[in-house]
Each structure stands twice: as structure tokens, then as C-alpha cells.
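# Coordinate inspection notes
Take a look at the letters that make up each chain.
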Amino acid sequence: AQSVTQPDIHITVSEGASLELRCNYSYGATPYLFWYVQSPGQGLQLLLKYFSGDTLVQGIKGFEAEFKRSQSSFNLRKPSVHWSDAAEYFCAVGPNQGGKLIFGQGTELSVKP
Amino acid sequence: DVKVTQSSRYLVKRTGEKVFLECVQDMDHENMFWYRQDPGLGLRLIYFSYDVKMKEKGDIPEGYSVSREKKERFSLILESASTNQTSMYLCASSFAGLNQPQHFGDGTRLSIL
């Protein structure tokens, strides 16, 4: 069965430190992978997506993610975190019928001054 | 920019009421989705639609129905609201095609008293 696991429910990092959020997926074929961010009280905003080609993908707000097929992972990284990055982050995998995505449970990021 | 608009940010209803949540998108997207979001459970798909008057059950359709009479509008209906339907509801839309990202509205926080 298709699934997405985000092992970390909550992560706290200091402002200026590097960040890595983990995402592991289970999918029978070549997956399409997405990272979304949700600021408090808002909907989800697309950060980046991977379909094929270069396994290192650049997104908005200085984020990047690396697809590792051998590890079934698609981890999100940022070299230097800003206080405004505090939010919840969701990893998602597709494709499925009708354009459905399977979402992970989310990782909440807190940023210490 | 894609705009997905949910009719209410906050809504308070009473047990047993029939509740309508409205969602409108302005990008001529074929696919539309309704999710509910609860702490620790991530996003769970309630219903989705890939065309006008078409609908498919998601993972948790019980207690809900939907309506899509026009391409741009997708309504979620709680036939007889119950307290366990208190949640954040998110609407999303996307183009047809397996690699299309979903675009989200800002959500409706629904409280059933």
C-alpha cells in the first residue's frame, strides 16, 4: 500500500542553523513527490516537487530536497533557518487515481531565537 | 496565481444542523478535493471530483456528501453535523494529469457544538 511517513512530529532548531526534515515513502512505481508548508491559520503552500531527472530539487524560500530511490526518501533541507520558517511541513506522494496525493502526518518546526 | 477560496474561515454550528462548506477556484482546474485536518492525523481525504457532477469517495466519506454542479465550485455537505466533525477543512484543486500539484485554500475551522 502507498504511504508516507514523516518520523519527526516536532523539531526545534535555532535560527541560522541548518534544517533537515525527513520523509520516507512507500510506492510501487516511480513516485511524484511534493513538499508543502502550512503557516498557522493558513492553507498549504507548495514548496517544491520532484517528478524525474535531477534528484536534487530546488524550491521556494531557499528550500531543497533530495530524492533517494534506494532509501525511499525525499528529505527537505535548508542551510540556514529563519524565524519565519516556523510552520508545519507536509510531504506527499502520487500519482494516484484522479490526481490524489497521499500526505504524511506533518512535522511541526519551531525556531529558537 | 491560483486562487482557491473557501467561503468561511471560521464557522460555528450546532449538532444536527445541515452544514455547507463552499470552495471556488479560478484556474479552470479539473480536479477538486476536500480534506479534513486534525492534530496528529495529517490530512485525510474526504471526497474528490475530477469533473463536473463526478465525485469519488476518499478515505473518510462517512457523514459527508459533496456537490459539483459547476467546474469552479465544489461544496462539502455535512448532512447532520456531529461534534466529532469539529475540525479544520481544506479544499484543494489541480489540473488533470498525474504530476499536477494541488493548490489549497486557507481552510475553514468548523466547530460543532
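Scroll up a little and you will see the structure.
Each value, and the rule that gives it
Residues numbered from 1 in each chain as written. Chains lettered and ligands numbered in written order. Predicted model: local features only at pLDDT ≥ 70, side-chain atom pairs only at ≥ 80, totals over all residues. Heavy atoms only, no water. Helix = DSSP H or I, 4+ residues; strand = E, 2+ residues; numbered from the N terminus. Buried < 20%, exposed > 50% of the residue type's maximum accessible area, 1.4 Å probe, protein only. Contact = heavy atoms within 4.5 Å. Areas by Shrake-Rupley, 256 points an atom, 1.4 Å probe, with all protein chains shown as cover. Lys, Arg positive; Asp, Glu negative; His and termini not counted. Charge placed at Lys NZ, Arg CZ, Asp CG, Glu CD. Core = buried A, V, L, I, M, F, W, Y, C linked by side-chain atoms within 4.5 Å.

To continue, consider the overall build of chain B. Check the secondary structure of chain B and you find 0 helices and 11 strands. Listing each helix as α and each strand as β along chain B from the N terminus yields β-β-β-β-β-β-β-β-β-β-β. For chain B, the C-alpha atoms occupy an extent of roughly 40 × 30 × 25 Å along the three principal directions. Out of the 113 residues belonging to chain B, those deemed buried represent 48%. Of the contacts made within chain B by residues no fewer than 6 positions apart, 55% connect residues no fewer than 24 positions apart. Surface exposure of chain B reaches about 5,500 Å², of which carbon and sulfur atoms provide 49%. Averaging the locations of the 15 positively and 15 negatively charged side chains of chain B gives two centres separated by 6 Å.

Attention shifts here to the nonpolar core. Counting residues in hydrophobic clusters, the biggest one holds 27 residues, and the most contacted among them are Leu19(A), Trp35(A), Leu47(A), Leu48(A), Phe74(A), Leu76(A) and Tyr89(A). Listing elements by their share of this core, those giving two or more residues are strand E2 (10-14), strand E3 (19-21), strand E5 (32-38), strand E6 (44-50), strand E8 (64-68), strand E9 (73-78), strand E10 (87-94) and strand E12 (107-112) of chain A. Sort the elements by how many residues they give to this core and E10(A) lands first, with 4 residues. In this structure Phe74(A) touches Cys23(A), Leu33(A), Phe34(A), Trp35(A), Leu48(A), Tyr50(A), Val57(A), Ala65(A), Glu66(A) and Phe67(A), once residues within four positions along its chain are discounted. If you look at the next biggest cluster of nonpolar residues, it comprises 20 residues, including Ile46(B), Ile60(B), Leu78(B) and Ile112(B).

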